[in-house]
Amino acid sequence: MPVRLSPPTDESLTIYRQFSWGDLLNLLVVDGRQYRDDQACGDAVLNTEPACDEALDPARTMLGAEQEKWFSENINDTTKVWNVMANQTVMTDIRLGAAVLNYDQWDGYAPDRDRILTDVVNQGVKNFVVLTGDIHLAGIGQLTTEAAPTTAIGTEFVTTSISSSGSGSAATESLLIALPNIIDAEVMYRGYTLHTLTANDWTAEYRIVDNNLVEGSTTSVWKTFKVT
């Protein structure tokens, strides 16, 4: 690993960035931690009460105004097949009616999410995919806006943790799968996802290990998903 010879001199370290692979992939890696407004409603988790007014404030932001502008200016690369956002927190709407299960995720910044996804729609972004980590489960979601809650404008692939303990249960998995925007979910096993991209389709192979506490544990494919 490279060795940092001296610390950055600016407390605000810009880490959001853009990568490009030929005419195949435009990848924007966003920073959803440094510029966000603090989590709303006391940062409650698994609270089934309706969200407080703070969470519905359209002025609140996950990315900050400058980064959001940068995202809007760079997400629609018409020379690439796939336009992708890599991001830290689940973007798919998994609210239970008016209740937000996790205010740390994009559900806690729903007006901002809708603003960004509406911009994606208005720009005519093709083949929009979101890659997400930072949560101890795997899932596949479809991204929608408030104006068109049944129209998928993109796909989100959520990858589980590699070595940490699990945080889910069979009941949690059943709840997630029952949500309208969740295509599938796996909460019991650790692993990683292998993404294979071509000009025609995107294949996500979810790989899991039998026991993440055992060295050399057997690895298997949970499921494979394809976006054309």
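So, how was this worked out
- Numbering of residues starts from 1 in each chain and follows the order in which that chain's sequence is written.
- Two thresholds apply to this predicted model, a pLDDT of at least 70 for residue-level local features and 80 or more for giving and counting side-chain atom pairs, whereas whole-chain, interface and lining totals are computed over all residues.
- As a rule here, side-chain values come from all non-hydrogen atoms in the structure, and water together with hydrogens is ignored.
- The numbering of helices and of strands both runs from the N terminus, where a helix is a DSSP run of H or I of at least 4 residues and a strand a run of E of at least 2.
- For every residue, the accessible area obtained with a 1.4 Å probe (protein chains only) is divided by the maximum for its type, and the residue is called buried under 20%, exposed over 50%, and partly exposed between those limits.
- In this context, the arc is that of the directions from the helix axis out to the C-beta atoms.
- Any two residues whose heavy atoms approach within 4.5 Å at even a single point are treated as in contact.
- Think of it this way: DSSP has to see at least two bridges between two strands before they count as a pair.
- By nonpolar core is meant a set of buried Ala, Val, Leu, Ile, Met, Phe, Trp, Tyr and Cys residues that side-chain atoms within 4.5 Å join together.

Chemist: Provide a residue-level description of the environment of N200, including the pertinent values.
Modeler: Examined against the element boundaries, N200 turns out to sit in the loop between β8 (191-197) and β9 (202-209). Looking at N200, the relative accessible area reads 62%, which means it is exposed. Taking the C-alpha atoms as reference points, N200 and V227, separated by 27 residues in sequence, lie 8.8 Å from one another.

Chemist: Outline helix α1 (residues 65-74), supporting the account with residue identities and numerical values.
Modeler: All of the buried residues in α1 are Q67, E68, W70 and F71. Down the axis of α1, the smallest arc covering the buried residues is 160°, so these residues share one side. Facing away from the buried side of α1, by more than 90 degrees, are the exposed residues A65, E66, K69 and E73. Buried residues along α1 sit in contact with β1 (17-21), β2 (25-29), β3 (82-87), α2 (110-123) and β4 (128-132).

Chemist: Give a description of the pairing of strand β6 (residues 154-158) that names residues and reports values.
Modeler: Counting buried residues along β6, five of its five residues qualify, which places the element largely inside the surrounding structure. Covered by surrounding structure in β6 are G154, E156 and V158 together with T155 and F157, the residues of both alternating faces. Examined bridge by bridge, β4 and β6 share four bridges and lie parallel to one another. The residue bridging V130 from the neighbouring strand is E156, located in β6. Note that strand β5 (residues 138-143) and β6 share five bridges and pair antiparallel.

Chemist: So what's going on with the nonpolar core? Which residues, and what values?
Modeler: Core analysis: the biggest nonpolar cluster contains 19 residues, and F71, M85, M91 and F128 have the highest contact counts within it. Contributions of two or more residues to this core are made by α1, α2 and β4. Looking at this core, the element that brings in the most residues is α2, giving three residues. Contact partners of F71, with chain neighbours within four places excluded, come to L28, V30, M85, I116, V120 and F128. Among the nonpolar cores identified, the runner-up in size contains 18 residues, and A86, I140, I208 and F225 belong to it.

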